[in-house]
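Inside the fold
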Amino acid sequence: MSTPRFLDLPPGVTPQKLETPHGAFAALEALPVSGVVERWPALLVPGLTGSKEDFIAVLMTLAQSGRRVVAVDLRGQYETPGPDDPAAYTCAALGADVDLMAQAIGGGDPVHLVGHSFGGLVGREAVIDGRTRFASFTLMSSGPAAIEGRRARNGREIMDEIPALGLEHLWHHRMEPEALAADVSDEIMAFLRKRLLANSPTGLARMAEQVLHAHDRTDELRQIEIPTLVLYGEHDDGWSPETQSETAARLGADCVVVPGAVHSPAVEAPETTAAALVRFWNAAEKHYLDTRSNAM
């Protein structure tokens, strides 16, 4: 469970509703506090039990690079409603939502796409399906196939327990003890409970199933001509650092290991994570412009 360390929105960050042909998605939009928007925008997609708030600590820094940056709740997550149909929560279906969100944000310009954990599997679908022109793609703490280790066990518990026992049971027997062990504040504890209970039970169970049975599509992703970054914490306990390093090598992608971070670099090391993203995005845009200039 990705746990924000604070909830106060930094300067330049506001709650928004992102309108698409698939409906409205809850979002946090960040714009530069000073200067103007002169670079391509970015879309940030959270993980399984997460939300747009997982990116609060990096939003202002990312926007100050001259970009509009938008973090979203996926369909059925927290403040974005979702149906009771399990088919709405496959990686492919959620990837189609990401396509439409990116198109709405870009307004004709390419969009930098970042997917955290399960969000990386969803973002990968959007990149591979070819419906949207992305400026770059970042897999943040996200592996090539099914999640591993302790987090795989947690995913199985989510998938099995929600249909039978409900979200309240999951909170009291799984999530709350984890938060208490992490010594989070009362404010964050209340937010974590509110966020979990606001999720679509159908959606959360189906997403857990998806992350537990994801197929390796690395070779397909490699065929897409898009600058790609693999970024993860040095102590990641979702997909191992070794697995993610191998994925980067297979993709021929840039690779950044965030010192001291575990599975949520944007929370655990926000300045290092934001600096790595800005550096990668700037390089991707320069490469695009250089390529165009050489082709003319």
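For the structure, see preceding data.
Because the structure is a prediction, the values reported are computed rather than measured.

On to the nonpolar core, then. One finds L43, V98 and F118 to be the most contacted residues of the largest nonpolar core, which totals 60 residues. What F118 contacts, discounting residues up to four positions off in sequence, is P46, G47, L48, L74, C91, L94, M207, Q210 and V211. Within the second largest apolar cluster, 28 residues are counted, among which are L62, L229, A266 and A269.

Turning our eyes to something else, we now look at the sheet that holds strand 5 (residues 111-116). Strand order across the open sheet formed by eight strands is 1-2-4-3-5-6-7-8, with mixed pairing between neighbours. Each of the sheet's edge strands pairs with one partner strand only, and the pair in question is strand 1 (13-20) and strand 8 (254-258). Taking the axes of each pair of neighbouring strands and ignoring which way they run, one obtains an average angle of 25° across the sheet. Bridge analysis of strand 3 (residues 42-45) against strand 5 gives four bridges, and the strand direction is parallel. Its bridge partner being in strand 5, A42 is matched across the sheet by H112. Contacts from helix 2 (residues 91-106) reach strand 1, strand 2 (23-30), strand 3, strand 4 (69-72), strand 5 and strand 6 (134-140) within the one sheet, and its direction differs from that of strand 1 by about 115°.

Looking at where Q210 falls in the secondary structure, it is placed in helix 6 (residues 201-212). Residues in contact with Q210, not counting those within four places in the same chain, are Y89, T90, C91 and F118.

For the rest of this paragraph, the subject is the packing of helix 4 (residues 149-181) against helix 6. Contact geometry of helix 4 with helix 6 gives a least axis separation of 8 Å together with a crossing angle of 165°. Put simply, helix 4 runs roughly antiparallel to helix 6. Along this stretch, helix 4 crosses helix 6, giving a crossing that reads as left-handed. Residues A152, G155, R156, I158, M159, I162, P163, L167 and L170 of helix 4 form the contact with helix 6, whose own contacting residues are P201, L204, A205, A208, E209 and L212.

What follows deals with the side chain of R217. On the secondary structure map, R217 appears in the loop between helix 6 and helix 7 (218-222). The contacts of R217, once residues within four sequence positions are left out, are R124, E125, I128 and P144.

Extensive coverage of strand 2 is indicated by the burial of six of its eight residues. Of the pairings in the sheet, the one linking strand 1 to strand 2 comprises eight bridges and is antiparallel in character. Following the sheet pairing, K17 is matched in strand 2 by A26. Connecting the antiparallel pair strand 1 and strand 2 is a turn made up of two residues.

As a further point, take the packing of helix 4 against helix 5 (residues 186-198). In the contact formed by helix 4 and helix 5, the axes pass within 10 Å of each other and the chain directions differ by 150°. With respect to each other, helix 4 and helix 5 are oriented roughly antiparallel. Crossing angle aside, the handedness with which helix 4 passes helix 5 is right-handed. On helix 5, the residues touching L167, E168, L170, W171, M175, E176, A179 and L180 of helix 4 are M189, L192, R193, L196 and L197. A class-by-class count of the residues in the contact of helix 4 with helix 5 yields ten nonpolar, no polar and three charged.

Looking now at unusual backbone geometry. Positioned with a positive phi, Y78 is a non-glycine residue whose angle comes to about 40°. Tracing the sequence through the fold places Y78 in the loop between strand 4 and helix 2. For Y78, a relative accessible area of 9% puts it in the buried group.

Another aspect to go through is the pattern of salt bridges. Using the criterion set out here, one finds 18 salt bridges in the structure. Among the salt bridges present, the one from E161 reaches R174, with a minimum N-O distance of 2.6 Å. Residue classification places E161 among the buried positions, given a relative accessible area of 11%. Judged by relative accessible area, which is 32%, R174 ranks as partly exposed. Salt bridges sharing common partners tie together K52, E53, D73 and E79.

Time to look at the pairing of strand 4. Both faces of strand 4 are covered, namely the face carrying V69 and A71 and the face carrying V70 and V72. Pairing of strand 3 with strand 4 involves three bridges; the strand directions are parallel. Following the sheet pairing, L44 is matched in strand 4 by A71. Crossover handedness for the path strand 3 to helix 1 (residues 56-63) to strand 4: right-handed.

Reading the values: the criteria
- Residues numbered from 1 in each chain as written.
- Predicted model: local features only at pLDDT ≥ 70, side-chain atom pairs only at ≥ 80, totals over all residues.
- Heavy atoms only, no water.
- Core = buried A, V, L, I, M, F, W, Y, C linked by side-chain atoms within 4.5 Å.
- Buried < 20%, exposed > 50% of the residue type's maximum accessible area, 1.4 Å probe, protein only.
- Contact = heavy atoms within 4.5 Å.
- Pairing = 2+ DSSP bridges.
- Helix = DSSP H or I, 4+ residues; strand = E, 2+ residues; numbered from the N terminus.
- Axes fitted to C-alpha atoms, helices over the stretch in contact; angles between N-to-C directions.
- Parallel < 35°, antiparallel > 145°, perpendicular 65-115°, else oblique.
- Left-handed = near helix turned anticlockwise from the far one by under 90°.
- Nonpolar A, V, L, I, M, F, W, Y, C, P; charged D, E, K, R; others polar.
- Salt bridge = Lys/Arg side-chain N within 4 Å of Asp/Glu carboxyl O.
- Right-handed = clockwise from strand over helix to strand, strands pointing away.

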